[in-house]
There are 2 protein chains.
Amino acid sequence: MNDQTVLLGHGSGGVMMKRIIDQVFAASYGSEELAQGNDAAVLPAPEPGQRLAFSTDTFVVTPHFFPGGNIGRLAVCGTVNDVATAGAQVKYLSVGMVLEEGFPMDQLLEICQTIKETADEAGVHVVTGDTKVVNRGHGDGIYINTAGVGLIPQGRNLSGSLCQPGDAILLSGTLGDHGITIMSTRENLSFSANIKSDAAPLNHLIAGVLEAAPDVRCFRDPTRGGIASTLNELASQSNTDMVISEDAIPVNPAVMGACEMLGYDILQVANEGKMVCVCPQNQAQAALEAMRANPYGLDAAIIGHVEASRPDRGNKVFLETAFGTRRIVDMLVGEQLPRIC
Amino acid sequence: MNDQTVLLGHGSGGVMMKRIIDQVFAASYGSEELAQGNDAAVLPAPEPGQRLAFSTDTFVVTPHFFPGGNIGRLAVCGTVNDVATAGAQVKYLSVGMVLEEGFPMDQLLEICQTIKETADEAGVHVVTGDTKVVNRGHGDGIYINTAGVGLIPQGRNLSGSLCQPGDAILLSGTLGDHGITIMSTRENLSFSANIKSDAAPLNHLIAGVLEAAPDVRCFRDPTRGGIASTLNELASQSNTDMVISEDAIPVNPAVMGACEMLGYDILQVANEGKMVCVCPQNQAQAALEAMRANPYGLDAAIIGHVEASRPDRGNKVFLETAFGTRRIVDMLVGEQLPRIC
């Protein structure tokens with residue numbers, strides 16, 4: 001690409017837009033559908049009875065590059081993971097770019113190549129896209145929206161509302177890696193050379209768990225707001241309490257150290273490559289082994305269980321501490337780390 | 001909503017985000033799927049054989065409010081129209097918001113209510129969404145991404161690549177209204193009280209045309225880059241030339257006057273509620289009548305035809321002028337009106 005930076009003309013709908021599409025987007029993550037050049041991608045008919053799963057996410061993270069990935073990897077993983085939580089086979093992605101005039105073209109190319117690599121890893125295709133350019137000073141380099149479509153096999157029904165007292169709560173790995181990585185990169189803090197974002201596509205991990213534990217109630221990825229938000233949402237959806245055990249929660253010691261130093265609650269820090277899973281107790285061990293069989297689930301653990309709520313106090317999430325006490329885990333109030341994803 | 005403006009905490013994943021979702025987004029355009037509160041919307045199985053149409057668009061227009069609509073109306077119409085060009089029944093929308101800290105809450109509410117009204121008019125449902133908040137000075141109030149999913153009946157195949165020499169080219173109404181409206185609103189020019197954006201959902205118009213003229217080759221909406229880009233794209237996709245007649249093109253005189261004064265080529269000005277349709281000559285009259293039967297197609301016209309390309313000069317678009325000469329219609333080079341949609 002001869003243009004060194006993004007120019008307003010790249011969003012014009014004319015010759016320059018065709019150039020950036022051909023030389024950057026299609027060159028990086030082109031597909032048969034994109035190459036057809038129509039306004040909508042036409043996708044094969046699902047098998048009879050397959051329902052659709054549909055989700056979207058916009059990514060505004062800063063910095064755009066960080067240990068463990070970049071905004072392109074996040075943009076694929078975030079939507080793939082959301083669609084996969086429905087128990088769907090994730091198939092198709094859209095990619096909508098909002099570029100700021102002056103954004104370096106070599107960075108855009110690197111991000112687009114990462115989108116391709118991550119989509120390949122997840123086994124999804126980018127089939128449709130859009131490019132907008134905003135004037136200098138009216139964006140922040142690059143924002144990426146992705147939307148994803150997946151196919152849900154007949155008979156599979158997962159929902160946060162299905163959690164039942166007695167169910168086990170599993171977590172696929174260590175908490176807080178993404179949030180602490182972004183914060184320390186942004187602020188030039190160096191807690192440890194070992195902290196990096198966990199951004200990862202978890203659709204294959206989910207598929208493995210569903211095969212081993214077919215009665216899973218739900219999956220949910222604890223992104224913004226951390227596992228505290230996730231568990232409070234599930235408690236509210238299913239009218240239950242959630243109890244997790246401090247000792248059982250996998251955490252990278254360097255990440256925990258950073259949280260303690262900065263006064264963050266690790267339960268509220270964002271993750272981009274972790275999955276919470278609720279399943280019947282009698283399938284918990286099988287689900288755990290399936291998680292651990294996946295490269296992104298090596299540190300998976302059973303971290304707690306679901307309890308009936310007491311009608312007089314609403315749905316609560318409790319942390320059983322190492323001292324044997326219970327404390328209430330609240331949803332994040334206010335803002336902790338803006339623009340974490 | 002007690003909050004007067006958008007705050008960083010509204011994108012936190014915590015309590016404040018739940019509040020803006022419940023009180024603004026769900027209150028405006030909530031649906032059964034949104035209410036379920038899962039990470040992905042689960043949508044019914046298509047009929048056997050129905051293929052999917054999938055498209056996305058991000059909207060960064062300024063100003064956010066303009067005669068004829070606002071960014072919310074554009075965000076629904078743009079994606080509905082793109083999905084409809086595949087001959088699909090447009091069913092589901094995602095809405096991803098990027099809000100700037102400090103954006104007035106009353107404006108956000110008005111935009112969300114317009115999204116609901118426009119979605120209702122088009123007969124589509126918002127089934128999934130996302131909210132991000134960026135710091136003051138790193139956005140421009142509001143950017144909206146929508147992605148859309150539609151269902152294509154068996155046996156329907158539309159594509160820009162199917163245009164054939166002899167086919168008729170139709171246009172559903174006057175050119176340039178959206179682009180000139182945005183430009184004159186932005187620059188405080190008042191050409192005429194009669195100019196307003198044409199932003200409109202055209203899925204019902206397309207359905208009417210397909211019923212009357214089942215062998216339509218393709219639809220394409222001439223947005224950024226105007227009809228000049230659209231016809232050049234179709235010529236290139238189908239390896240043909242396109243010839244349109246200056247006299248036949250419907251234009252609002254006030255819009256034409258503004259274009260002449262400002263030195264814009266009306267063929268390159270953006271539209272947000274117009275559709276180009278290419279069909280066999282023997283169905284052109286039926287297609288025209290179907291367009292005119294729709295409130296958004298009252299000014300529809302047959303504006304030209306497709307010709308074979310001369311192999312020595314590539315695919316061209318020609319304008320036959322009122323003087324009987326032909327001039328080449330090029331794609332926009334550079335940028336004409338940034339952030340038109």
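Thresholds, definitions, all that
- Residues numbered from 1 in each chain as written.
- Chains lettered and ligands numbered in written order.
- Predicted model: local features only at pLDDT ≥ 70, side-chain atom pairs only at ≥ 80, totals over all residues.
- Heavy atoms only, no water.
- Salt bridge = Lys/Arg side-chain N within 4 Å of Asp/Glu carboxyl O.
- Buried < 20%, exposed > 50% of the residue type's maximum accessible area, 1.4 Å probe, protein only.
- Pairing = 2+ DSSP bridges.
- Helix = DSSP H or I, 4+ residues; strand = E, 2+ residues; numbered from the N terminus.
- Phe/Tyr/Trp six-rings, centres within 6.5 Å; stacked < 30°, edge-to-face > 60°.
- Lys NZ or Arg CZ within 6 Å of the ring centre and 35° of its normal.
- Axes fitted to C-alpha atoms, helices over the stretch in contact; angles between N-to-C directions.
- Parallel < 35°, antiparallel > 145°, perpendicular 65-115°, else oblique.
- Left-handed = near helix turned anticlockwise from the far one by under 90°.
- Contact = heavy atoms within 4.5 Å.
- Nonpolar A, V, L, I, M, F, W, Y, C, P; charged D, E, K, R; others polar.
- pLDDT = per-residue confidence, 0-100.

A.B. asks: For this particular structure, what's the right way to read the pattern of salt bridges?
C.D. replies: Think of it this way: side chains of opposite charge can pair up when their charged atoms draw near. Following the criterion strictly, the structure yields 36 salt bridges over all chains and no others. A salt bridge links B:D312 to B:R310; the nearest nitrogen and oxygen atoms lie 2.9 Å apart. Assessed through its relative accessible area of 57%, B:D312 is described here as exposed. For B:R310, a relative accessible area of 43% corresponds to the partly exposed category. Through salt bridges with shared partners, a single ionic network connects A:D57, A:R224, B:D130 and B:K132.

A.B. asks: Would you take a moment to explain the pairing of strand β13 (residues 317-320) of chain A for this structure?
C.D. replies: The side chains of a regular strand alternate, first on one face of the sheet and then on the other. Residues and elements named next belong to chain A. Bridging between strand β10 (residues 240-245) and β13 involves four bridges; their strand directions are parallel. Pairing of S245 across the sheet is with E320, part of β13. Sheet topology places β13 next to strand β14 (residues 326-328); three bridges connect them, and they run antiparallel. When the bridges of β14 are listed, F318 appears paired with I328. In textbook terms, the turn of a hairpin is the stretch between consecutive antiparallel strands, and for β13 and β14 this stretch comprises five residues, one of which, G324, has a positive phi near 90 degrees.

A.B. asks: I keep staring at the packing of aromatic side chains and nothing clicks. Help me out?
C.D. replies: The description of two aromatic rings rests on the distance between their centres and on the angle between their planes. Applying the stated rule across the entire model yields four aromatic pairs over all chains. Ring geometry for A:F54 against B:F54: centres 6.3 Å apart, planes inclined by 85 degrees, an arrangement best described as edge-to-face. With A:F54 in strand β2 (residues 51-59) and B:F54 in strand β2 (residues 51-59), this residue pair bridges two chains. Against the face of A:F59 rests B:K132, its NZ or CZ located 5.5 Å from the ring centre. The positively charged end of B:R326 is found above the aromatic ring belonging to B:F318, 5.5 Å away from the centroid.

A.B. asks: Would you explain the packing of helix α5 (residues 177-186) of chain B against helix α8 (residues 253-262) of chain B in this entry?
C.D. replies: A pair of packed helices is characterised by two quantities: the angle between their axes and the separation of those axes. Residue and element names in this part refer to chain B. Relative to each other, α5 and α8 sit at 60 degrees, their axes nearing to 10 Å. As the angle between them shows, α5 and α8 are arranged oblique. Here α5 and α8 pass one another in a crossing that is left-handed. Mapping the contact onto sequence places D177, I180 and M183 in α5 and V255, A258, C259 and L262 in α8. Residues that form the contact of α5 with α8 fall into these classes: six nonpolar, no polar and one charged.

A.B. asks: Mind showing me how you'd approach the confidence of the model for chain A here?
C.D. replies: For residues with low pLDDT, the predicted coordinates do not support detailed interpretation. When pLDDT is averaged along chain A, the result is 96, and 99% of the positions lie at 70 or above. Overall fold confidence (pTM) sits at 0.97, and the ipTM for the predicted complex is 0.96.

A.B. asks: Is there a simple way to think about unusual backbone geometry in this case?
C.D. replies: A negative phi angle characterises most non-glycine residues, just as the trans form characterises most peptide bonds. Cis peptide bonds are those with omega within 30 degrees of zero, and the linkage from A:T62 to A:P63 qualifies with -5 degrees. Tracing the chain through its elements places A:P63 in the loop between β2 and β3 (65-66). Despite not being glycine, A:R339 shows a phi value in the positive range, around 55 degrees. Unlike most non-glycine residues, B:N239 shows phi in positive territory, near 55 degrees. Structurally, B:N239 is set in the loop between α7 (226-238) and β10 (240-245).

A.B. asks: Looking at this structure, how should I read the sheet that holds strand β12 (residues 301-308) of chain B?
C.D. replies: What links the strands of a sheet is backbone hydrogen bonding, and the strands pair in either a parallel or an antiparallel sense. All names here are of chain B. Across the sheet, seven strands lie side by side as β9-β11-β8-β12-β10-β13-β14; this open sheet has mixed pairing. Of all strands in the sheet, those with a lone pairing partner are β9 (218-220) and β14 (326-328), marking the two edges. For this sheet, the mean angle separating the axes of adjacent strands, direction not counted, is 25 degrees. The pairing of strand β8 (residues 168-171) with β12 spans four bridges and is classified as antiparallel. Its bridge partner being in β12, L171 is matched across the sheet by A301. Packed onto the sheet, helix α9 (residues 284-292) meets β8, β11 (276-279) and β12 and runs at close to 5 degrees relative to β8.

A.B. asks: Looking at this structure, how should I read the sheet that holds strand β5 (residues 89-100) of chain A?
C.D. replies: One open sheet accounts for five strands, arranged β6(A)-β5(A)-β7(A)-β2(A)-β1(B); its pairing is mixed. The outermost strands of the open sheet, each flanked by one partner alone, are β6 (125-134) of chain A together with β1 (41-43) of chain B. Strand-to-strand twist across the sheet, computed as the mean angle between neighbouring axes with direction ignored, equals 15 degrees. Summarising the sheet, β2(A) and strand β7 (residues 142-152) of chain A pair through nine bridges and their orientation is antiparallel. Of the residues in β7(A), the one forming a bridge with A:A53 is A:G150. Against the sheet, helix α1 (residues 15-29) of chain A touches β5 and β6 of chain A, its axis set at about 140 degrees to β5(A).

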